[in-house]
Amino acid sequence: MHLFNKESYERHQDWYELQFPGSDEKRKYLRKAMGWEGTVAGWLQQLFFNCLNPLLQHKGNWLTVGDAYGFDARYLTSRGSKATATDLRDDFLAIATEEGVVEAYAAQNAENLSYPDNEFDYVLCKESYHHFPRPYAAMYEMIRVAKKGIVIIEPQDPVLQMPLLLLLQNILLSFPKLLRRIWKNRFSHEPVGNFVYKISRREMEKFAAGLHLPMVAFKTINPHFYFKGSENILLKEKHAKFRAIRIKKGILDQLTRWKIIPGQVLSVVVFKQLPDVALQSQLRSEGYALVHIPDNPYR
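Structure report, in brief. (Residues numbered from 1 in each chain as written. Predicted model: local features only at pLDDT ≥ 70, side-chain atom pairs only at ≥ 80, totals over all residues. Heavy atoms only, no water.)

### A look at the overall build of the protein
Each helix and strand in the protein was counted, giving 11 helices and 8 strands. Taking the intrachain contacts of the protein between residues at least 6 apart in sequence as the baseline, contacts between residues at least 24 apart amount to 72%. Taken as a whole, the protein presents about 16100 Å² of accessible surface, with 54% of it coming from carbon and sulfur. (Helix = DSSP H or I, 4+ residues; strand = E, 2+ residues; numbered from the N terminus. Contact = heavy atoms within 4.5 Å. Areas by Shrake-Rupley, 256 points an atom, 1.4 Å probe, with all protein chains shown as cover.)

### Considering the nonpolar core
Counting residues in hydrophobic clusters, the biggest one holds 40 residues, and the most contacted among them are Y29, L52, L55, W62, V151, I153 and F271. The residues touching L55, leaving out its near neighbours within four places in the chain, are W62, Y122, V151, V269, F271 and L279. Core analysis: the second largest hydrophobic core is formed by 31 residues, L113, F132, L213 and V270 among them. (Core = buried A, V, L, I, M, F, W, Y, C linked by side-chain atoms within 4.5 Å. Buried < 20%, exposed > 50% of the residue type's maximum accessible area, 1.4 Å probe, protein only.)

### Observations concerning unusual backbone geometry
Although it is not a glycine, N118 adopts a positive phi angle of roughly 60 degrees. By the secondary structure assignment, N118 is in the loop between β3 (104-107) and β4 (120-126). Look at N118 and you get partly exposed, because its relative accessible area is 40%. The phi dihedral of H212 falls on the positive side, at around 60 degrees, and the residue is not glycine.

### A word on helix α11 (residues 277-285)
Of the positions making up α11, those classed as buried are L279, Q280 and L283. Buried residues of α11 fall within an arc of 100 degrees about the axis and therefore sit on the same side. The exposed residues of α11 that point more than 90 degrees off its buried face are V277, A278 and S285. In this structure, the buried residues of α11 make contact with β4, β6 (215-221), β7 (265-271) and β8 (289-292). In the segment just after α11, G287 is the residue with positive phi, at about 95 degrees. (Arc of directions from axis to C-beta.)

### Section: the packing of helix α2 (residues 23-33) against helix α5 (residues 91-98)
Where α2 meets α5, the closest approach of the two axes is 10 Å, and the angle between their N-to-C directions is 60 degrees. Classified by the angle their axes make, α2 and α5 are oblique. Regarding α2 and α5, the two cross each other, and that crossing is right-handed. Taken together, the residues of α5 that come into contact with α2 (itself represented by S23, K26, R27, Y29 and L30) are D91, F92, I95, A96 and E98. Grouping the constituent residues of the contact of α2 with α5 by class yields 5 nonpolar, 1 polar and 4 charged. (Axes fitted to C-alpha atoms, helices over the stretch in contact; angles between N-to-C directions. Parallel < 35°, antiparallel > 145°, perpendicular 65-115°, else oblique. Left-handed = near helix turned anticlockwise from the far one by under 90°. Nonpolar A, V, L, I, M, F, W, Y, C, P; charged D, E, K, R; others polar.)

### A look at the pattern of salt bridges
Across all of its chains, the model carries 11 salt bridges by this definition. Two residues, R31 and E99, come together in a salt bridge whose shortest N-O distance is 3.0 Å. With R31 in helix α2 and E99 in the loop between α5 and β3, this residue pair connects regions lying 68 residues apart in the sequence. Residue R31 is classed as exposed on the basis of its relative accessible area of 51%. A salt bridge links E127 to K126, with the nearest nitrogen and oxygen atoms 2.8 Å apart. The partly exposed category is assigned to E127, whose relative accessible area is 27%. Classification of K126 as buried rests on a relative accessible area of 6%. (Salt bridge = Lys/Arg side-chain N within 4 Å of Asp/Glu carboxyl O.)

### Describing a nonpolar patch on the surface
A contiguous nonpolar surface patch, about 280 Å² in accessible area, is contributed by Y136, Y140 and L211. Within the fold, L211 resides in the loop between α9 (201-210) and β6. The exposure class of L211 is partly exposed, given its relative accessible area of 33%. (Patch = residues over 30% accessible without salt bridge, like charges linked within 9 Å, V, L, I, M, F, W, Y side chains within 5 Å.)

### Quick word on the environment of Y75
Along the chain, the position of Y75 falls in helix α4 (residues 71-78). According to the relative accessible area criterion, Y75 is buried, its value standing at 12%. Taking C-alpha positions, Y75 is 7.4 Å from F49, a pair spaced 26 residues apart along the chain. For Y75, the residues in contact, after removing those within four places along its chain, are Q46, F49, N50, L52, N53 and L56. Within the structure, Y75 has its side chain in polar contact with the side chain of Q46 (distance 3.4 Å). (Polar contact = N/O pair within 3.5 Å; in protein donor to acceptor, adjacent residues only side chain to side chain.)

Written as structure tokens, this is what we have:
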């Protein structure tokens, strides 16, 4: 592993300890966050989890990656599946187990998972892929330990989805100083040191095709409306900020359906096995677009 990648992982490990330095602080946060159901913050988080529902029609065995607090695993178990929550450090997850958030956990590096091939039905990586110093290395590990497929839910790279943006970028490449002034976050990094990766449909199609996998499913959502204090506002309240969010989200959702703009977040299911007809139908009914990867004629 490159020295800086190692340093980035160490910074990620230390981040949660800096934010929640003791077990009491961790326990307090977990108890508070578990009470967000029925609030605006909980509603926004549920938009992510709804993407998993077609795969949860039948009980399965899941692994969650980058699940620092264990909430991803908690949702999976609440729907009847088994789930093992993992993160770089298990300090938070150990307390989450005591608090009844998760049932099983482990400290794991996404680039080097300790599990054997095909150990889990599905692997979920939700809002963590963009933190990884080497996300492709993590992708290959996740698909290795999965039997049926992996789910990546991450912010979407808008450039490849919007031809006008791509055209503008290609024009501005001849004017690098102007491009840097206009596109200030072209190369964005987090304080812990990693480059912020965003995903695209084409990127995931190529990943699947390169490994001779049968299908990829895509769904776009618009959940990025969190604001400080949203965890204290109940959905039943006629709160001005909540009404504003509903209006903004409704407009974005319609523009996304018309394909005028890409969605904020892309949910991707990379299937290792071709899903049956019933599951394919369920995925379509819940907004997924299915892409069949053709067989390699030279394989």
